[in-house]
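Working through the structure, step by step
As a plain string of letters, each chain reads:
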Amino acid sequence: MSNENTIKSEKSPDESHAEVIVRMFPSDANPAGNVFGGEILKHIDMVAGIVAQRHSQSNAVTVSMDSVNFIKPVYVGNVLKLNARINYVHNSSMEIEVRAEAEDIVSGMRTITGTAFVTFVALDKDGRPTHVPKLLLRTDDDRAKFEEGKQRMQERLKNRKKA
Ligand SMILES: CC(C)(COP(=O)(O)OP(=O)(O)OC[C@H]1O[C@@H](n2cnc3c(N)ncnc32)[C@H](O)[C@@H]1OP(=O)(O)O)[C@@H](O)C(=O)NCCC(=O)NCCS
């Protein structure tokens, strides 16, 4: 594995953290009139991809999405805020945690509506997995999230489907 970009050998989760805010439109709705889960998944994948590419400074692709929970509905007209941070890295793989919050602009009410873990793999210019910077763990929270991410990754790999 290689990484030809000039990048730091270690980066903290704060250096790649990303937040995306999108307004939900009628074209995002399911037949019942609430926001379609697939539309939210698209935004989860996109914001997690920003974090993975910021951390790795390379092309990064989604290899797995798990523990997706839609806790509360998101309504047309809501503002959807997605918060993403990197929890764990191994060689080329990275676990990104995403939390989705919906805001009713008129009432100002904010609700956590969904959470997910997305695993990305960094690829070199030839499409092969490439090393990513180690995670610089500055706080107890960083260390706890790293350990939890490591355990989830081990479970994920046990259940991994090979082509
Ligand atoms: C990413 C890809 C090149 C990895 O190929 P591979 O043959 O599995 O490569 P490896 O076995 O060497 O694994 C590479 C890394 O991916 C990780 N990985 C592979 N599948 C995984 C999975 N389902 N969940 C979590 N990690 C996974 C491995 O653990 C390894 O991590 P490490 O380098 O940190 O140890 C290949 O799976 C791929 O191209 N997938 C399609 C990705 C894509 O196009 N996504 C967009 C949506 S279609």
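Scroll up to find the structure this text is about.
Report on the accompanying structure. None of these values were measured; they are calculated from a predicted model. (Residues numbered from 1 in each chain as written. Predicted model: local features only at pLDDT ≥ 70, side-chain atom pairs only at ≥ 80, totals over all residues. Heavy atoms only, no water.)

**Focus: helix α1 (residues 37–56)**
Taking 1.5 Å of rise per residue, 20 residues should cover 28 Å, and α1 covers 28 Å from first to last C-alpha, within 8% of that figure. Within the sequence span of α1, burial applies to E39, I40, H43, I44, V47, A48, G49, V51, A52, H55 and S56. Within two residues after α1, Q57 carries a phi angle of roughly 50°, on the positive side. (Helix = DSSP H or I, 4+ residues; strand = E, 2+ residues; numbered from the N terminus. Expected span 1.5 Å × (residues − 1). Buried < 20%, exposed > 50% of the residue type's maximum accessible area, 1.4 Å probe, protein only.)

**Some thoughts on the sheet that holds strand β5 (residues 93–103)**
Spatially, the five strands line up as an open sheet ordered β2-β4-β5-β6-β3, and their pairing is antiparallel. The strands lining the two open edges of the sheet, one partner per strand, are β2 (18–23) and β3 (59–70). Each neighbouring strand pair of the sheet contributes to a mean axis angle of 25°, computed without reference to strand direction. As paired elements, β2 and strand β4 (residues 79–89) share six bridges and run antiparallel to each other. Looking at the pairing, E19 lines up with N83 of β4. Of the strands in this sheet, β3, β4, β5 and β6 (110–123) are in contact with helix α2 (residues 140–158), which crosses β4 at around 80°. (Pairing = 2+ DSSP bridges. Axes fitted to C-alpha atoms, helices over the stretch in contact; angles between N-to-C directions. Contact = heavy atoms within 4.5 Å.)

**Examining the environment of G38**
In this fold, G38 is placed in helix α1. With 71 residues separating them in the primary sequence, G38 and M109 have C-alpha atoms 23 Å apart.

**Here we look at the pattern of salt bridges**
For the structure shown, the criterion picks out 15 salt bridges. A salt bridge links E95 to R156, with the nearest nitrogen and oxygen atoms 2.8 Å apart. Placement of E95 in strand β5 and of R156 in helix α2 is noted, with a sequence separation of 61 residues between them. For the pair formed by E95 and R156, the shared burial category is buried. Linking D140 and R143 is a salt bridge whose minimum nitrogen-to-oxygen distance equals 3.0 Å. Here D140 and its partner R143 are both found in helix α2, three residues apart, which amounts to about one turn of the helix. (Salt bridge = Lys/Arg side-chain N within 4 Å of Asp/Glu carboxyl O.)

**Some words on the site of the ligand**
Inspection of the region around the ligand gives 17 residues, with H90, N91, S92, S93 and R160 positioned closest. Here T62 contributes a backbone N or O atom positioned 2.9 Å from a nitrogen atom of the ligand. Contacts to the ligand include R160, whose side-chain N or O atom sits 2.4 Å from an oxygen atom. For the ligand, the protein covers 58% of the area, taking 940 Å² as the surface of the free molecule. Here the ligand is seated within the largest pocket. Counting only elements with at least two residues in the shell around the ligand, the list comes to β3, β6 and α2. Residues of the shell around the ligand, tallied by class, amount to eight nonpolar, seven polar and two charged. (Near = heavy atom within 4 Å. Polar contact = N/O pair within 3.5 Å; in protein donor to acceptor, adjacent residues only side chain to side chain. Areas by Shrake-Rupley, 256 points an atom, 1.4 Å probe, with all protein chains shown as cover. 1 Å grid on protein atoms, 1.4 Å probe; cavity = no way out; pocket = protein on both sides within 12 Å on 5 of 7 lines; lining within 4 Å. Sits in = over half its atoms within 2 Å of the grid points. Nonpolar A, V, L, I, M, F, W, Y, C, P; charged D, E, K, R; others polar.)

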